[in-house]
Amino acid sequence: IFNIILNILLVLKYGYSVSAYIMVISFFIMSVLTYYFSQRLFHIPYEIKKITTLILVGSVLFGLSTLTNDSDLSIRLFVKSMLLISFPAVLYFLKFYEKIELQKIKEIFSSIKR
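Residues numbered from 1 in each chain as written. Predicted model: local features only at pLDDT ≥ 70, side-chain atom pairs only at ≥ 80, totals over all residues. Heavy atoms only, no water.

Draft legend 1. Highlighting unusual backbone geometry. Unusually for a residue other than glycine, lysine 95 sits at a positive phi of about 55 degrees. Here lysine 95 shows up in the loop between helix 4 (73–93) and helix 5 (99–113). Judged by relative accessible area, which is 73%, lysine 95 ranks as exposed. (Helix = DSSP H or I, 4+ residues; strand = E, 2+ residues; numbered from the N terminus. Buried < 20%, exposed > 50% of the residue type's maximum accessible area, 1.4 Å probe, protein only.)

Draft legend 2. Structural context of the side chain of threonine 53. Turning to its location among the elements, threonine 53 is positioned in helix 3 (residues 48–66). Overall, the relative accessible area of 19% leaves threonine 53 in the buried class.

Draft legend 3. Focus on the pattern of salt bridges. For the structure shown, the criterion picks out 4 salt bridges. Its salt-bridge partner being lysine 50, residue glutamate 47 comes within 3.7 Å of it at the nearest N-O pair. Overall, lysine 50 belongs to the buried group, its relative accessible area being 18%. Among the salt bridges present, the one from glutamate 98 reaches lysine 50, with a minimum N-O distance of 3.3 Å. Placement of glutamate 98 in the loop between helix 4 and helix 5 and of lysine 50 in helix 3 is noted, with a sequence separation of 48 residues between them. (Salt bridge = Lys/Arg side-chain N within 4 Å of Asp/Glu carboxyl O.)

Draft legend 4. A look at the packing of aromatic side chains. All told, the structure shown has 4 aromatic pairs when counted by the stated rule. Arranged with centres 5.9 Å apart and planes meeting at 50 degrees, the rings of tyrosine 35 and tyrosine 46 form a pair that is tilted. Linking tyrosine 35 in helix 2 (residues 17–41) with tyrosine 46 in the loop between helix 2 and helix 3, this pair joins segments that are 11 residues apart in sequence. Taking 5.0 Å as the distance between ring centres and 75 degrees as the angle between the ring planes, the aromatic pair formed by tyrosine 36 and phenylalanine 37 counts as edge-to-face. Here the guanidinium or amino end of lysine 50 rests over the ring plane of phenylalanine 96, the centre of that ring lying 5.0 Å away. (Phe/Tyr/Trp six-rings, centres within 6.5 Å; stacked < 30°, edge-to-face > 60°. Lys NZ or Arg CZ within 6 Å of the ring centre and 35° of its normal.)

Draft legend 5. Quick peek at the environment of tyrosine 35. The exposure class assigned to tyrosine 35 is partly exposed, which follows from its relative accessible area of 35%. Here the alpha-carbon distance between tyrosine 35 and glutamine 103, two residues 68 residues apart in the chain, equals 32 Å. Look past the residues within four positions of tyrosine 35 in its chain and what remains in contact with it is Tyr46 and Ile48. (Contact = heavy atoms within 4.5 Å.)

Draft legend 6. Structural view of the packing of helix 1 (residues 2–14) against helix 2. For the pair helix 1 and helix 2, interaxial distance at closest approach is 9 Å and the crossing angle is 160 degrees. In terms of their interaxial angle, helix 1 and helix 2 are classed as roughly antiparallel. As for the relative orientation of helix 1 and helix 2, their crossing is right-handed in sense. Contacts between helix 1 and helix 2 pair Phe2, Asn3, Leu6, Asn7, Leu10, Val11 and Tyr14 from the former with Ser17, Val18, Ser19, Ile22, Met23, Ile25, Ser26 and Ile29 from the latter. Counted by class, the contact of helix 1 with helix 2 contains 10 nonpolar, 5 polar and no charged residues. (Axes fitted to C-alpha atoms, helices over the stretch in contact; angles between N-to-C directions. Parallel < 35°, antiparallel > 145°, perpendicular 65-115°, else oblique. Left-handed = near helix turned anticlockwise from the far one by under 90°. Nonpolar A, V, L, I, M, F, W, Y, C, P; charged D, E, K, R; others polar.)

Below is the structure:
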């Protein structure tokens, strides 16, 4: 309902691109409300801090990647590849991973080296 009302009110005034922003806001509100009410009925211990960290780091790296959109293709590919590769490293420096996860990553890398 929120999405429809805002679309009716704002699309004619600001154009169709505002519809995408309205939909993102609507889905965010719907997700928060669904989480809140479902947790009241059946509590699931989500790791909210980790989920938030993933979303924020991913958003920052995506935002940085859009700064190269006007550059040459080779520069865009290089920068975006480096940002993609840096994602797990940034999470490591933010102490995102648990000890068991780091041990498993080391096992995987040691098996690749053989």
